[in-house]
Number of protein chains: 2
Amino acid sequence: MLNQNSLSVAQDCSECPIRHRAVCARCETDELERLEDIKYYRRFEAGQTVIWSGDKMDFVGSVVSGIASLTQTMEDGRTQMVGLLLPSDFVGRPGRNTAAYDVVATTDVVMCCFRKAPFEELMEKTPHIAQRLLQMTLDELDAAREWMLVLGRKTAREKIASLLSIVARRDASLNMARLSGAVTFDLPLTREAMADYLGLTLETVSRQMSALRKDGVITLEGKRHITVPDMSVLLEEAGDDTDGGLLV
Amino acid sequence: MLNQNSLSVAQDCSECPIRHRAVCARCETDELERLEDIKYYRRFEAGQTVIWSGDKMDFVGSVVSGIASLTQTMEDGRTQMVGLLLPSDFVGRPGRNTAAYDVVATTDVVMCCFRKAPFEELMEKTPHIAQRLLQMTLDELDAAREWMLVLGRKTAREKIASLLSIVARRDASLNMARLSGAVTFDLPLTREAMADYLGLTLETVSRQMSALRKDGVITLEGKRHITVPDMSVLLEEAGDDTDGGLLV
DNA sequence: TAACCATCTTGATCTGTATCAATGCCGCTC
DNA sequence: GAGCGGCATTGATACAGATCAAGATGGTTA
């Protein structure tokens, strides 16, 4: 799995990714230290629903390891993934009492949580935290809007390439690797999860993955281990002009 | 046009919509009063680009009258609207120096603006403002994610119904009207703009509008003036289960 | 080693939406 | 009131991706 570094991120924040810091007791000012006593960890197994849309959501937190996803479902069962939570991503709705979407563990997941009420109280007293949360939310909004272009206007092949480049870039920057040249990573999603994220069927995903492989854009080892010989080719396939886009 | 109330909203904030208050000098605490001297108005003609993606964005503000849209464009010209700015909506990227998308005036638009640097400075000193901005941004994020379901999984007919119900509900609440029963409003978008928002072609939009008319879901007077005899039927067509969704 | 199950691949066919192409409508100008 | 230009409608056809349907693969259990 991607970044299976268990609890170390949360406990030693010298390597703590920026988004995680907002809710991690060891990273911040003295103010934040006080949150130590309301911090706790939660584990979820792959497939488990962390929280259902509409349910009371009394915590905020961030993903320590594993992958979770935000999904919306229609009455007839059609589902759309609206966000991917990779390690260090924040989840929570300060100022809101219920979840707006289902949060589902896509792999086994460990989350670092804080009870929401004390967190919000601290947020009000510490402008610093509110500011950071605003920045994070703006970033997510940008990412969501970028994804709207993918969903609304890109072809199936471009959609797949877009997803792969997001995961590759995200993985690469967590590993402090370079973005140019070859990149190797594990894609921790089933074909069905990919389809839900991209607004496609799993058969179309499978076909397009095969096509990208045949065309030499990617190499597959097993179902999930992917090598991109040349990231610029993948970005080209994704139809990204300037690149530089953010991601959930 | 929708809510053609010119400058009165900004100058007398007793009726000032909640989102506008965040940047309106007369609505807030003494702190905000100080911003008075950096407040100004800008007018844009229909079709005019307020700001290009990637350009320096040195103001924040909100729409006083008219409609603007946030759009993303691919190299080959495919475009996707990623947000609709209706009167009272906020635009700006605190903490960021460049625009992330094109902002285009869809009708004639008046915006109430503040220079960004002083606004940000004030935001840091006044947690209240940062909090409000965070809430607004979280709402927009919810709306964007709701729209991802529309783009990724809904049929053309459902997409049209979703757009109409958003504009109808938004218009109705601004006018303090009830949501049940019949609703009448002007849809201030060309068929092409609708298509850009929905990830469709303008021909498909036109066909589905005709179909909804034939089926009695809507009544058209001219091209733009729309009556919905029964909102619940429209919401049904949109595939919304619980409704209650927010909107940009 | 075999049987099993979840996941993935591939093929054949269908269908919703795009594409290409006329035609219609309406306000504006001269 | 004729002509023009921007928008909208409608029709005919093409095609990308969905749907339906077999298999294939690979890991796990017995």
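All values derive from a computational prediction rather than experimental measurement.

**Some details on the packing of aromatic side chains**
Piece 1. Evaluated as defined, the whole model comprises four aromatic pairs over all chains.
Piece 2. Aromatic pair W147(B) and Y197(B): ring centres 4.5 Å apart, planes at 20°, arrangement stacked. Of this pair, W147(B) sits in helix α5 (residues 127-153) while Y197(B) is found in helix α7 (residues 191-198), placing the two residues 50 residues apart along the sequence. When sorted by exposure, W147(B) lands in the same class as Y197(B), which is buried.
Piece 3. The residue whose ring lies beneath R42(A) is F59(A), and the NZ or CZ to ring-centre distance is 4.8 Å.

**Topic: the interface of chain A and chain B**
Piece 1. On the side of chain B, 49 residues touch chain A, which itself brings 49 residues to the contact.
Piece 2. Around 4400 Å² of area is buried between chain A and chain B when both sides are counted, 54% of it from carbon and sulfur atoms.
Piece 3. Of all residues in chain A, R145(A), M148(A) and R153(A) bury the most surface against chain B, accounting for 18% of the area lost on that side.
Piece 4. For the pair chain A and chain B, the interface holds 10 salt bridges.
Piece 5. Notably, a salt bridge pairs R96(B) with D139(A), separated by 2.4 Å at the nearest N-O pair.
Piece 6. The tally of links from chain A across to chain B stands at 28 residue pairs in polar contact (both at pLDDT 80 or more).
Piece 7. Sorting the residues of the side of chain A that touches chain B by element identifies β4 (68-73), β5 (79-85), α4 (116-125), α5 (127-153) and α7 (191-198) of chain A as the ones contributing at least two each.
Piece 8. Here the element with the most residues in the side of chain A that touches chain B is α5(A); it accounts for 21 residues.
Piece 9. Here the residues of the side of chain A that touches chain B sort into 22 nonpolar, 12 polar and 15 charged.

**Considering the packing of α4(A) against α5(A)**
Residue and element names in this part refer to chain A.
Piece 1. Two elements in contact, α4 and α5, have axes separated by 5 Å at closest approach and are oriented at 105°. Taken together, the axis directions place α4 and α5 in an arrangement best described as roughly perpendicular. Residues F119, L122, M123 and K125 of α4 touch α5, and the partners they reach there are P127, I129, A130 and L133.
Piece 2. Along the lines of polarity and charge, the residues of the contact of α4 with α5 split into seven nonpolar, no polar and one charged.

**Topic: the protein's contact with DNA strand C**
Piece 1. In the vicinity of DNA strand C, 17 residues are found, and the nearest of them are R191(A), S206(A), S210(A), T204(B) and R207(B).
Piece 2. Between a phosphate oxygen of DNA strand C and a side-chain N or O atom of R224(A), the distance comes to 3.4 Å.
Piece 3. At 3.0 Å from a phosphate oxygen of DNA strand C is found a side-chain nitrogen or oxygen belonging to T201(B).
Piece 4. In terms of residue count, the dominant contributor to the surface near DNA strand C is helix α8 (residues 202-214) of chain A (five residues).
Piece 5. The residue inventory of the surface near DNA strand C, partitioned by class, reads three nonpolar, seven polar and seven charged.

**Some remarks on the relation of the copies chain A and chain B**
Piece 1. Each copy of the sequence occupies a distinct position, and chain A is placed on chain B by a rotation of 180° and an axial shift of 0.0 Å, giving an RMSD of 0.0 Å. The superposition of one copy onto the other is thereby described by a two-fold rotation axis.
Piece 2. A share of 100% of interface residues in chain A that are also interface residues in chain B marks the association as one of identical surfaces.

**Remarks on the nonpolar core**
Generally speaking, soluble globular proteins have nonpolar side chains that are buried together.
Piece 1. In terms of nonpolar packing, the biggest core is built from 112 residues, with L164(A) and L164(B) touching the most fellow members.
Piece 2. Among all residues touching L164(A), those that are not within four sequence positions of it are F185(A), L187(A), M209(A), L212(A), I218(A), I226(A) and L234(A).
Piece 3. Ranked by size, the runner-up nonpolar core spans 30 residues in total, among them F90(A), M123(A), C112(B) and L134(B).

**With respect to the state of the cysteines**
Piece 1. Scanning the model with the defined rule gives zero disulfides over all chains in all.
Piece 2. Looking at C113(A), it has no disulfide partner, and the nearest cysteine sulfur is the one in C112(A), 6.7 Å off.

**Quick look at the sheet that holds strand β10 (residues 219-221) of chain A**
Remark on secondary structure: sheet strands pair via backbone hydrogen bonds, oriented parallel or antiparallel.
Residue and element names in this part refer to chain A.
Piece 1. The strand order across the open sheet built from three strands is β9-β11-β10, with neighbouring strands paired in antiparallel fashion. The open sheet has two edge strands, β9 (183-186) and β10, and neither has a second partner. Sheet twist, expressed as the mean angle between neighbouring strand axes with direction ignored, is 20°.

Conventions and cut-offs
- Residues numbered from 1 in each chain as written.
- Chains lettered and ligands numbered in written order.
- Predicted model: local features only at pLDDT ≥ 70, side-chain atom pairs only at ≥ 80, totals over all residues.
- Heavy atoms only, no water.
- Phe/Tyr/Trp six-rings, centres within 6.5 Å; stacked < 30°, edge-to-face > 60°.
- Helix = DSSP H or I, 4+ residues; strand = E, 2+ residues; numbered from the N terminus.
- Buried < 20%, exposed > 50% of the residue type's maximum accessible area, 1.4 Å probe, protein only.
- Lys NZ or Arg CZ within 6 Å of the ring centre and 35° of its normal.
- Contact = heavy atoms within 4.5 Å.
- Buried area = accessible area lost by both parts, 1.4 Å probe.
- Salt bridge = Lys/Arg side-chain N within 4 Å of Asp/Glu carboxyl O.
- Polar contact = N/O pair within 3.5 Å; in protein donor to acceptor, adjacent residues only side chain to side chain.
- Nonpolar A, V, L, I, M, F, W, Y, C, P; charged D, E, K, R; others polar.
- Axes fitted to C-alpha atoms, helices over the stretch in contact; angles between N-to-C directions.
- Parallel < 35°, antiparallel > 145°, perpendicular 65-115°, else oblique.
- Near = heavy atom within 4 Å.
- Least-squares fit on C-alpha atoms with pLDDT ≥ 70 in both.
- Core = buried A, V, L, I, M, F, W, Y, C linked by side-chain atoms within 4.5 Å.
- Disulfide = S-S within 2.5 Å.
- Pairing = 2+ DSSP bridges.

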